[in-house]
Every structure is written in C-alpha cells, then in structure tokens.
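Chain by chain, the residues:
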Amino acid sequence: MGRGRDLQVKNSGLEGSGENMDINNFMSTKEYAKTLDQEDPLVSYREEFYLNPGMIYMDGNSLGLLSKRAEKSLMKSLEDWKKYAIDGWTEGAEPWFYFSERLGELSAPLVGALADEVIMGGSTTANLHQLAATFLNRELAGIRFWRMN
Amino acid sequence: MADELTFPSDIYALQSQLRLHGLDPSAHLVQVKSRDGKFLEEDDIIAEMNEDIAMIVLPTVLYRSGQILDMERLTKEAHARGIMVGFDACHSVGVIPHLFDNWEVDFAFWCNYKHLNGGPGCVAGLYVNRKHFARKPGLAGWFGSRKDKQFDMEHTFTQANSAGAFQIGTPHILSMAPLLGSLEMFAEAGIEHIRKKSLRLTQYLMDLIQSELMGYGFEIGSPRHEAKRGGHIILEHPEAARICKALKQEAIIPDYREPDMIRLAPVALYTSFQEVYETVKVLKKIMDGRLYENYENKRGIIA
Ligand SMILES: Cc1ncc(COP(=O)(O)O)c(C=O)c1O
C-alpha cells in the first residue's frame, strides 16, 4: 500500500499525468475512502436513489438508477391519466401538451443552450435521423457532396 | 464525416441517410481514423475538414475510452470551412458542462437513460441552434407545429419557432415523466459540482488501480488529463469478459465492451468513494485468486 503515482500500470492515456487533481494526498486505505465520502458535498443525493443493498453499481453510463424523485414524477403523470384522461394534455400536474418543451427548458442549462433550443422527444438514433435529414440536403448543405460524384 | 470509434448506431443512421440521397456511404461517409484505436486527435479531424465535407457528426465523449473532444475548437474549425457540426452527447450530458450555444454548435442529440437517470428507453434530447429555427425539418410531423396552430389541422405545416419544430408525433409521456424529477436534482446539485465530484471519483479510481492492480496485466484506456476525461474509466485486460463475469458474481456491476474493456462509471450523484475502494479491492481478489477462470472469456448477449 502506498502512493499511487508511480506508473506501474501501463498507461495509454493522453498527455498529462493527472497530477492536476485536488486529490493529492492519495492513500490506498479504507479510511481514506471514508474521509473522501465525509468531505463529499453531494453525499446526500445518494439517499435519493434506489440502491440495492450489497450491490455496487458501476454501470450508470449504460442505465442510470431510479431516484425517488423520478419515480414520483412518473407516478404523477400516471395519476393525471387516471384523473383527467384526455384532459391530461392541458390539465394536471404537468400538462402533456407542453411536457417536451418544459423538459427541454430544464435540460438546456446542462448543455449550455437557450431554453427554446432544446426539446425532449424520440430516441437518440431517431433524433440523429431527424437532424441528418434536416441538415444534409442539397439546398442547405450546399452543393458539396454532389460535386464528389 | 464521422469517426471510426463512434457508436455504431450513429454510423448506421448516417449511412442510411446518405443512401436516401442516392449516395454510396462507402464513398461519401468519411470516418476519421484513430492512431491507436482508443483516442481521436483533434488535429486529425481538422485535417479531414476539406471542401468535400458538408456535415460532421462526432461524439462529445467517446463511449469506450471516455475521451472528451474539444467541441469548441472543432466547431470553430468546421465553421471556418462552412461545414455544419453536430454532437452525440450521450456520454457527456449530466457529467460535464457544455456551452453549445456559446460555441455555436449547430445541432446535438443525446440519451437520457444514462447519466440523467430517466429510465430504460427514456425519450432523448435534441438541440438545434437558434440560427437554424427556420430550417424545414427533414422529417416533419404535427407535433413540430406552432402550439397555437397545431389543432387548426391545416395541411400547410406551420412550424414552431424553436427546437420543438423537430418533433414528429405524440410525445411518449410515460417515457419522459421520470426526467422531470431527475432534472430537478441536477439543477439543485449544479453541473459544476457534479463534474468536480465525478473527476475526483475517476481520479481516485485510477489512483487505486495504479496502486493496487499493478502487475496483473491491466492497462488504463482513458485519458489521465482532467480536461480530456469524461465520467467513466476503461480498464483493458485480455481476460476482460470473464473478469466482468467474476465481478458480477461479487455483486459489482461493471460494463464489458468489446474486445477487452471493463468500463467502470462511478456516478457523482450516487456512487461513494468507499464503493470505488471496494470495487478495486474485489478486482484484486479476483486476480489473486484467478476467480475469472471459472468463466468463459466471452460476453453474454449484452455484457
Ligand atoms: C454514444 C451513443 N450513441 C448512440 C446510442 C444509441 O442510442 P439509442 O439506442 O437510444 O438510439 C448510444 C446507446 O447506448 C450511445 O451510447
């Protein structure tokens, strides 16, 4: 157990050694991990998620975990369906007719966009299809790719 | 133009779009090469930006190595040559801050079921820069209408003056509703704080790997440098597929990616440093006891 800076594990990363981190007192002890958790200002968010006891989830970049708040907002839309039926489009906790725009507005800060530049809808690949179909055409993209023929 | 390391679905989509224009993708889709099969050099991408390129689609963060591309620089260089630029932000949204509008990125798209915790099959995100609001959607539908016009039911499409114009049909309400609660947490916690913790987690993970897993044949396949590192770490090993199986047996859920990568994503909102510690400790146990030898070195259907 010791400091981990010596590059014993072959490192194929890009430039830099990662020395610019603020974790520069690295120790490979369990106590050190505990200290890092104690110093973590976001630690309270952990309690907002459904974590399986005894399981360590390192796959949040494939499928993120369910949070209590996400569950609650889903249940609200279900309740609105129950209570308002067709009128859920314009009534209820989050009127469905404006829901995509509303979520776009809430996501905009995460991508550094203006509120009306983001919309939620479709799927990733379907959205790429939409964008390619919009931006790749004769008039708009110019004559470039026709020249290649 | 795209790159040779990007997610396959993006390539299939671009290939089929070219075919719809009557163009052969093998001649008309340029895929920038990687020098080492892991990372992309911005210089190499820029070198390919010639007058034959109409549009570029690149990842913000590479799905395997986790490398962040310099979006601002690439956008500037592309625009200087009159080329449109769009980004696949699946692996960066909710992990790193972006300045799409400021950088004048033309368009972007991403999924919400990864770092944004919107649930399996959650609806996706779409960004279009304001200067393109007047463009006709390539795939139009009534939900792209101006809200006050939509129910006039006219056969002339009056498109919304926003990214909303690029919607097609009735939104998948139940597949987007979880996002509302989830996004609230991101707004509250702040993406800058999330990024800071994410970097600490990945740095800590790499430090532990270096200190505890030397001599077992692992190689870190992610950028060391903060400015280049996204939210996950790739650990390469010839036995990666079965090391992942052994990890799962120990109740640690990693992700396996072909051909030899263990992908580990400690997430700022819910992963603790002690869990990172535990993960490396168990990896060491698996290597010391050769526990991976109990499994076949082949992936399951997914991972
Ligand atoms: C980088 C990247 N792009 C695109 C996709 C495809 O997304 P979808 O299946 O939601 O269309 C994924 C899915 O994991 C991805 O990781």
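Scoring rules and cut-offs
- Residues numbered from 1 in each chain as written.
- Chains lettered and ligands numbered in written order.
- Predicted model: local features only at pLDDT ≥ 70, side-chain atom pairs only at ≥ 80, totals over all residues.
- Heavy atoms only, no water.
- Helix = DSSP H or I, 4+ residues; strand = E, 2+ residues; numbered from the N terminus.
- Buried < 20%, exposed > 50% of the residue type's maximum accessible area, 1.4 Å probe, protein only.
- Contact = heavy atoms within 4.5 Å.
- Areas by Shrake-Rupley, 256 points an atom, 1.4 Å probe, with all protein chains shown as cover.
- Arc of directions from axis to C-beta.
- Core = buried A, V, L, I, M, F, W, Y, C linked by side-chain atoms within 4.5 Å.
- Axes fitted to C-alpha atoms, helices over the stretch in contact; angles between N-to-C directions.
- Parallel < 35°, antiparallel > 145°, perpendicular 65-115°, else oblique.
- Left-handed = near helix turned anticlockwise from the far one by under 90°.
- Near = heavy atom within 4 Å.
- Polar contact = N/O pair within 3.5 Å; in protein donor to acceptor, adjacent residues only side chain to side chain.
- Nonpolar A, V, L, I, M, F, W, Y, C, P; charged D, E, K, R; others polar.
- Patch = residues over 30% accessible without salt bridge, like charges linked within 9 Å, V, L, I, M, F, W, Y side chains within 5 Å.
- Salt bridge = Lys/Arg side-chain N within 4 Å of Asp/Glu carboxyl O.
- Pairing = 2+ DSSP bridges.

A few words on the overall build of chain A. Scanning chain A for helices and strands turns up six helices and three strands. Out of the 149 residues in chain A, the part that is buried amounts to 45%. Sequence separation of at least 24 residues holds for 6% of the intrachain contacts in chain A that already meet a minimum separation of 6. Accessible surface, chain A: about 7,800 Å² in total, of which carbon and sulfur atoms supply 56%.

Our next topic: helix 4 (residues 71–80) of chain B. Residue and element names in this part refer to chain B. Inspection of helix 4 places Met71, Leu74, Thr75 and Ala78 among the buried residues, and these make up the whole buried set. Viewed end-on, helix 4 has its buried residues packed into an arc of 100°, placing them on one side of the element. Opposite the buried face of helix 4, by more than 90 degrees, sit the exposed residues Lys76 and Ala80. Summarising the contacts, the buried residues of helix 4 are in contact with helix 3 (42–47), strand 3 (55–59), strand 4 (84–88) and helix 5 (100–103).

All names here are of chain B. Judged by nonpolar contacts, the single largest core of 63 residues is most densely connected at Ile45, Met49, Phe100 and Trp110. It is helix 6 (residues 177–189) that contributes the most residues to this core, seven residues altogether. Setting aside residues up to four positions removed in sequence, methionine 49 forms contacts with Met1, Ile56, Leu74, Glu77, Ala78, Arg81 and Ile83. Leu205, Leu235, Tyr277 and Val280 belong to the second largest nonpolar core, which has 37 residues in total.

Look at helix 3 (residues 99–111) of chain A against helix 6 of chain B: their axes get within 10 Å of each other, and the N-to-C directions meet at 25°. It follows that helix 3 of chain A is roughly parallel to helix 6 of chain B by the angle criterion. Crossing handedness for the pair helix 3 of chain A and helix 6 of chain B: left-handed. The segment helix 3 of chain A lies against helix 6 of chain B, with Phe99, Arg102, Leu103, Leu106, Ser107 and Leu110 of chain A engaging Ala177, Leu179, Leu180, Leu183 and Phe186 of chain B.

In the neighbourhood of the ligand, the contacting residues comprise Thr124 and Thr125 of chain A together with Phe7, Asp10, Asp88, Cys90, His91, Tyr113 and Lys114 of chain B. Those residues lying near the ligand are distributed over chains A and B. Aspartate 88 of chain B is positioned with one of its side-chain polar atoms (N or O) 2.6 Å from a nitrogen atom of the ligand. Residue composition of the shell around the ligand, by class: three nonpolar, three polar and three charged.

Here we come to a nonpolar patch on the surface. The grouping of Trp142, Phe151 and Met153 of chain B at the surface amounts to a nonpolar patch, some 340 Å² of accessible area in total. Looking at where methionine 153 of chain B falls in the secondary structure, it is placed in the loop between strand 6 (125–128) and helix 6.

What follows concerns the sheet that holds strand 5 (residues 107–110) of chain B. Ordered in space as 3(A)-6(B)-5(B)-4(B)-3(B), the five strands form an open sheet in which the pairing is mixed. Strand pairing shows two members of the sheet lacking a second neighbour, strand 3 (118–120) of chain A together with strand 3 of chain B, which therefore form its edges. Adjacent strand axes in the sheet meet at a mean angle of 15° when their direction is disregarded. Summarising the sheet, strand 5 of chain B and strand 6 of chain B pair through four bridges and their orientation is antiparallel. Bridge pairing in strand 6 of chain B links phenylalanine 107 of chain B to valine 128 of chain B.

Glancing now at the interface of chain B and chain A. Contacts between the two partners involve 145 residues from chain B and, on the opposite side, 105 residues from chain A. Linking aspartate 40 of chain A and lysine 197 of chain B is a salt bridge whose minimum nitrogen-to-oxygen distance equals 2.6 Å. The interface formed by chain B and chain A contains 51 residue pairs in polar contact (both at pLDDT 80 or more). Looking at which element gives the most residues to the side of chain B that touches chain A, the answer is helix 7 (residues 191–212) of chain B, with 15 residues. Each residue belonging to the side of chain B that touches chain A can be placed in one class, and the counts come to 75 nonpolar, 39 polar and 31 charged. Taken together, the three bridges between strand 3 of chain A and strand 6 of chain B define a ladder with antiparallel strand orientation. Residue pairing in the sheet places methionine 120 of chain A in a bridge with glycine 125 of chain B of strand 6 of chain B.

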